Each structure stands twice: as structure tokens, then as C-alpha cells.
Amino acid sequence: MAAKKSPFFDTATTLGKIVAFFGVSALCGVLAAGLMVPVASFAGSGAKAGSEIFDALPASFKEEPIAEPSKILAKDGSVIATFYSENREPVKLDDISPIMRKAIVSIEDERFYEHNGIDVRGIARAAVNNFTSSSQQGASTLTQQYVNNLLINSDSINGVDRSEMTISGTKNIADKAREAKLAISIEKEMSKDEILEGYLNLVLFSGRNYGIQAAAQRFYSVDAKDLNLQQSAMLAGMVQLPNAYNPERYPERSVKRRNTVLAAMLRTGAIDQKAYDKAVKSALGLKPSETKSGCIAAESANYFCDYVTKLITSDDTYGKTKKERENLLYRGGLTIKTTLDPRLQKSVEKQTKLMIPANDKSNIGAAIVTVEPGTGNILAMGQNKKYSPEKGRKFTEYNFAVESAMGGAGGFQGGSTMKPYTTMAWLESGRGMYETINAPRNKNYPASFLWKASCLPGGYTTVGGGWTPGNAVDGWASSGTVDYGLFNSVNSFTVSEASRLDLCDIAGATERLGLIDYDNYVDLKSNKKVDKAQPISPANPSFVIGSARITPLAQATAFATWANNGEFCENRALTSVRDSSGNKYKVKPVKCEQVMSPQVAADMNGTLKKIASQKVAKGRIGYQIAGKTGTNNGANSTWFVGYTTGMASAAWVGRWDKDQMKPTQGAVVNGIARRWVDSGTWAAPLWTNYMLDIGRLYPAGSLGKATPAPAPKPEPKKAESNSNDDSSNGDSSNDESSNNDESSNDDSSSDEKPAKEKPAKENPGTEDQSGNDD
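Quick word on the packing of aromatic side chains
Argument step 1. Tallying each qualifying case throughout the model produces 19 aromatic pairs.
Argument step 2. Between Phe 83 and Tyr 330, the ring centres sit 5.7 Å apart and the planes meet at 85°, which makes this aromatic pair edge-to-face. Taken as a pair, Phe 83 in strand E2 (residues 79-83) and Tyr 330 in helix H14 (residues 322-331) lie far apart in primary sequence, 247 residues in all.
Argument step 3. With a centroid separation of 4.8 Å and 70° between ring planes, the pair formed by Phe 559 and Trp 562 is classed as edge-to-face. Here Phe 559 and its partner Trp 562 are both found in helix H20 (residues 552-563), 3 residues apart, which amounts to about one turn of the helix.
Argument step 4. A residue is classified by how much of its surface remains accessible, and Phe 559, at 0% relative accessible area, is buried.
Argument step 5. Residue Trp 562 is classed as buried on the basis of its relative accessible area, which comes to 1%.
Argument step 6. Over the face of the ring belonging to Phe 112 we find Lys 192, whose NZ or CZ atom lies 4.6 Å from the ring centre.
Argument step 7. In this structure, Arg 218 is placed above the aromatic ring of Phe 219, and the distance from its NZ or CZ to the ring centre is 5.1 Å.

Listed below in C-alpha cells is the structure:
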């Protein structure tokens, strides 16, 4: 139950009105004293005591920054998204139409240019009216209102809610006295035009729209400098009660209030009779537009936008706490310039939705992320879903390109896109692409087989129960060159290479190129669980054929290294951040490091170019491209990561929701059920279509000169059986050692599929039919 009001203080009663009258009268004396005005008319001990109290009030306060929206901009300067708690765009007084200035002065403070911060005549008038009438009048000057809004802004920043005062106008005498004292002080420090400019940029007009520029755009879609008479009168009338005079909700009430402002303008001489007569007959003429806040309101690049906000709110450069960082984003007027290229982004969103519609019954996701070799700049990041917390297959807030901590789905098994890292380590060990190795299908590596891993305790690792990594189909040669194995993506070749290398060198290659395994939370050195995901561990050899959970952004960044002559560049999304005062914030610079020799990169490219041009694009792209396909078991994660010298892109298609590990074979996707699915089904065509659309927007130069295959040497017939086995001597002790049963848990992480699942008639045009064991 509400507390009963004392009739002594209730202004609805006669007694209350008398008390209020004498209280206001005393305040008038106080204010007059503050203005050095004779106080004879306010004689008495009340006025004297009030004057002493008034003198004791503070004449200044800590002025906090005014909330301004932040904007995320694309590479070309276009706006991706706006963030605000208060939608405001400060403008200079010269950029506010003169008629708007006259309108606000006429209705809110007609003696604005005459008083020194408070209007004693206005206070007396209001006191008499409030004493003799049931209606209530205010007497706050524009300067006092400016002070009130500054106080509300300060309290808002410091967690004190005074917003109701802006709307209801409920303030006691102490509030009024404090405002008056501060108003007098401000008048001594600022010119009238400065106060008027500050007020018009600060005051609330409706909802979360503050300041005249935001209001002009919100209701008329014009700049403040272009407001006409009737528009100005309508907006000036709103500030008294922003909700009550909202023209969209209460048009008749708004017209009446506008005409009241016009009458005030006529009375004060701001306009003549002719202008008044014409304006009062006019319709409201609204042309509303709305600047929505946040990534959900962005017309494009919503997921990239979300990624950028995560970068800001997780970096202590922008505040000590997350709350401070969010406050800066929504109130600090940041201009956040990013690396995003809208041309590429438009194509990403178009192609992913064409490949797998957002509302497809399969709920399969499709994504592309593009990184620029040589800078690490993220040029595009998009997917087939609509960014929204709404329920339904069409929507998700998960970003398929990034890790969970940055709003992502947590990464996906990389499948055969991981095979090039073993080849990289092979080349760095001094071997060549055209060395021949034994790689029989279904070769067993028993539990007793020691996989060299110099960075692990004891210097090796084993696979409990043994490991028999299979190939997807029969028919591959049991021996051949490393180039042959990588080109055809044959598991047995990659595993055979790895068995002759140090697994720590292969894992180290992935780490140098920035990969993190989001299934690995064990620190390699301490062998203890940690909170942060770690680089790929060499403890389980199955990582060489794709068991690690990685992100498309990381793969695009890594593959860009081969496009950039072996120089790895950390990916980045921000190029500059500054606030409304011009203060600059530190952003990640272009940070590159040579992590392999240019020749190793060129030799890798020699094989990866053939994969991209012959197996994926099939001759449809007329410039140098390179890349690698990838599919995990069950084909719930399919990839193509491809590149030119100007851009590296990871195209990923697969499952991401609660059914993430459910196979896609047999699923109806985009109206078609397939018994066989691999990277050639969706991911590779997705990348190809994307590159056909935008590939020439960035350089596509030479990817280096690979070491050529050696010319065959004529040998005696008796040696023919050993002619292509020059590298097998060091391999035999490992490759031919045992035929024990395979371990069921390790092979499930590879990217191969049982041959019985792959009838050729179900897979027209895929890499497998042209020789890829992906």
C-alpha cells in the first residue's frame, strides 16, 4: 500500500499549495540573492536562511562524457553497424537550422538571451499559477535544463538512475536549487550559443533518440540544418514530454503541441502571422527512419560484426572490466574501422545461401571466411544462416568461422585439409615431393609401434590397441610419390609419411601456422588440464589425417602462408579505433613472420595447385589457384581451403548443432538425398562459385616454382622391382611390422569413408571420381 501523503506537503490540497507557494517564494529570494538582485520583495528570515543554504551548494560538478553511438565501418568506410545506449549525433550550432533554434527558445525559455541562468520572473509566474490553478507550470530555463541533462548523463554513467526526471519532471526544491546554482556558474563559463548547442545535442526527444540531429533523422529523415518551420515546431514541442508527444503514437496530440509552439513563436516575434497561418494548417508530414543498434540490425556482415564486438569487449585495451568495455562500445562514440571488403562479403552471403538455404530441413551450415595473404586482414566472413536469437532452422547466433570464446560453434574436424602439414614437415626434413614411399592400404601400426615424438616424455607415443588407418576406396597404389599421395588425398600415404617423421615436427608446423585444437585442453609441457584450448598435440597420430577440431578462420589464415611465400601473418579484423574525442586505441598491427622457406612453400603449391585447378575448379578458373579438400568420417564436416596470392578462403559445409556428429550421407539437403558425400559435394563447388564471382578483385599472381619431378633413370631389368623404393629402407621397420587389429577409436577421427558407402553412380563430378581419396 502506498504511503499516505501529508496534507502539509501535498500540493493537491489548499494547505499544500500555500506551503509550496512560500517555499517557492523563498527560493525566488535565494535565486535573486544569487543574481545580486535586491531582495526587498523577499524580505524575511526565510529568504536569509535560504540564501545561506544556496551559497553552500556546489557551483560545479564532474562533467562526464556525453554518450555517443559507436560505428563499425567496413574497409571502404561504409557502416556495418551502430551501437548505442543513446542514439545521438552531436552537431555544431551552425548545423542546426535557425528556425529550430528559435522554436526551442520560444517554447522553453523565451528570455533565454536576457537572463543569467535563472529566470526570476518565470519562477514568480509559475508560483502564482501553481498556487491559483490546478495546472502546473515549470520555470526552468534552457540553462537549467541543460544542467539537469548533464546531471542525468553523469548519474547514468555512474550507475544512478535519474532518467525518470527527464520524462516526468518530478524534482523537489533542493533539486531546483542545485540546478539553479550550477546554471549560474555555467552562464559565467559558456556563451549563450554554446549552451544552446549543448542543450540541443543532449536533450531527449523520444525513446533512445537524443539530440536534434538524431531526432531530425528519426522523424523526418533530414539533417538538423534542413529542418523547416513546422518540423522544428513539432520537435521543439516534444522535449517537454517526449513519450506523450510522440507523433507516431499520438499524432493529434502532437499536432496540438506543435501549434502551441507555433503560437509561442508568433508571440515572441520569431515568425510572422503569414508563416504561422501556413504552418498550423500543415500536416505533420512525417518521414520516419530508424537507426537500430547492434549487429542484429546490420544489413550485412552480422557475424563479422559480432566477432568485432567480441574483440572489443574481451580486450583490456578498451577497459579493465567487460562492463567498462561494453560501456565504451555503447556510449563512447567509437569509430571502429575494419578490414572487411563489402564486395567479397556480399558474395559470401549470396553463395552460401545458394548452396544450402538458411531454412533447409537438414539444418546444415555453410560458411566462407577470407583472409588476405601478406596482411592477415579478414576480408569476408559469412554463412548461410540469419544472425538472430530467434528459434528455427533459419536462425543462429553461432559464427561457424570462429571459436566458441568469440561467438563461434567451436571448430570442426579438419579432415584431409590437415594433410599438407605432414607434407610440409616432410619437405622441411630435407625430403622431396617426388620421393617414393610404401603406403599399403589397411597397413596396421600395432600398439607396440613407437611413433617418434621428441617433445613428449620418453620421446615417442603409441596408439593403444594399434591403428589401421584405411583409405576410402580400393584401387590406390601401395607405393608412390609423396606428390601422388597428397594429390589424391590418400590416407595411407600421409600416415606412412608421418610414421617416418617426428610427430612433434608435424604438430609444430600446425602451431607455426596458428592452428588451435578446440578439443585439446591439456598443456603439452605440464601435461595438466588448462582453461584455454591448446595447439594440436602430437600424442595421438590421427591428427595427421584430420581428427583435430579447428576453425575455418584459422585454416584460411594458415593456408595464406603458402600463398605468401612461407610468411605467416596473424589474422586481424581492426585497422583503427578512436573515440569521439579523437583518442586512438591500440589495435593489432600487421604481424608477419617467415615460418618456412619460400621453396618449401613453392613445392607445396606445386601439388596444391594441381588439386585446385584439376580436381576442384576443373579448368573453370583462368589464374593460379591452389588448395586442399577435406572430409571427416560421416562427412559432417566438409572443406575446401583454397587460395591465390591475393586471398585465402576456407569454405566449410557441415553439421554444427546438437546433431554435429550425425553423418550427412542419406540426409536430404537442398531437396536431394545422397548416399555419398564428401568435400566435392558442397564445399569445393561453394569455393569455386565464390572465386568465379570475386576472384579477380585481388591479385592472382605466381605461386612460385616448384622443384620439378626428376627425370626417370634407366635401370637394369633385375632392379626394376626396387626402382621406385629409394626411400623405403628407413620405412620398412615401421610400415611392414605387423597385421594386428586396428584401434576403433583413432580411425573414427580421420576423414576417410568405407568403400562400400561410395557407389560411383551416386557421386558424379566429385574429387573421388577423378582420383581423390578425400
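Points about the state of the cysteines
Argument step 1. For the coordinates displayed, the defined rule picks out 3 disulfides.
Argument step 2. Shown here is the disulfide that connects Cys 295 with Cys 305, its sulfur atoms set 2.1 Å apart. Because the torsion about its S-S bond is -80°, the bridge between Cys 295 and Cys 305 counts as left-handed. Note that Cys 295 is positioned in the loop between helix H12 (273-280) and helix H13 (302-313) and Cys 305 in helix H13, a separation of 10 residues in sequence. Across this residue pair, the class does not change: Cys 295 and Cys 305 are buried.
Argument step 3. One disulfide in the model links Cys 569 with Cys 592; its S-S distance is 2.0 Å.

What to know about the sheet that holds strand E17 (residues 574-578)
Argument step 1. One open sheet holds the 5 strands; their spatial order is E2-E1-E5-E17-E18, and the pairing between them is mixed. One side of each edge strand has no neighbouring strand; the edge strands of this open sheet are E2 and strand E18 (584-585).
Argument step 2. Relative to E2, strand E1 (residues 70-73) runs antiparallel, the two sharing 4 bridges. Looking at the pairing, Ser 70 lines up with Phe 83 of E2.
Argument step 3. Together, E1, E2, strand E5 (335-338) and E17 form the strand contacts of H13, whose direction differs from that of E2 by roughly 50°.

Examining the environment of Cys 504
Argument step 1. Within the element layout of this structure, Cys 504 appears in helix H19 (residues 503-512).
Argument step 2. Looking at Cys 504, the relative accessible area reads 11%, which means it is buried.
Argument step 3. For the pair Cys 504 and Ala 539, spaced 35 residues apart in the sequence, the C-alpha separation amounts to 8.7 Å.
Argument step 4. Setting aside its immediate chain neighbours within four residues, Cys 504 contacts Lys 452, Ala 453, Ser 454, Cys 455, Leu 456 and Pro 538.

Digging into helix H3 (residues 98-108)
Argument step 1. Taking burial as the measure, the 11 residues of H3 include 8 buried ones, the bulk of the element.
Argument step 2. Within the span of H3, buried status applies to Ile 99, Met 100, Ala 103, Ile 104, Val 105, Ser 106, Ile 107 and Glu 108.
Argument step 3. In this fold, the buried residues of H3 make contact with helix H5 (142-157), helix H8 (192-202), helix H9 (212-220), helix H10 (229-238) and helix H11 (251-267).

Let's talk about the packing of H5 against helix H7 (residues 173-189)
Between two packed helices, both the angle of their axes relative to each other and the distance between the axes serve to describe the pair.
Argument step 1. The geometry of H5 relative to H7 is characterised by a closest axis approach of 8 Å and an angle of 110° between their N-to-C directions. Taken as axis vectors, H5 and H7 run roughly perpendicular relative to one another. On H7, the residues touching Thr 143, Gln 144, Val 147, Asn 148, Leu 150 and Leu 151 of H5 are Lys 176, Arg 178, Glu 179, Ala 180, Leu 182, Ala 183, Ile 186 and Glu 187.
Argument step 2. Across the contact of H5 with H7, the residue classes tally to 7 nonpolar, 3 polar and 4 charged.

Conventions used here
- Residues numbered from 1 in each chain as written.
- Predicted model: local features only at pLDDT ≥ 70, side-chain atom pairs only at ≥ 80, totals over all residues.
- Heavy atoms only, no water.
- Phe/Tyr/Trp six-rings, centres within 6.5 Å; stacked < 30°, edge-to-face > 60°.
- Helix = DSSP H or I, 4+ residues; strand = E, 2+ residues; numbered from the N terminus.
- Buried < 20%, exposed > 50% of the residue type's maximum accessible area, 1.4 Å probe, protein only.
- Lys NZ or Arg CZ within 6 Å of the ring centre and 35° of its normal.
- Disulfide = S-S within 2.5 Å.
- Pairing = 2+ DSSP bridges.
- Contact = heavy atoms within 4.5 Å.
- Axes fitted to C-alpha atoms, helices over the stretch in contact; angles between N-to-C directions.
- Parallel < 35°, antiparallel > 145°, perpendicular 65-115°, else oblique.
- Nonpolar A, V, L, I, M, F, W, Y, C, P; charged D, E, K, R; others polar.

Function cannot be inferred from these measures alone, as they are strictly geometric.
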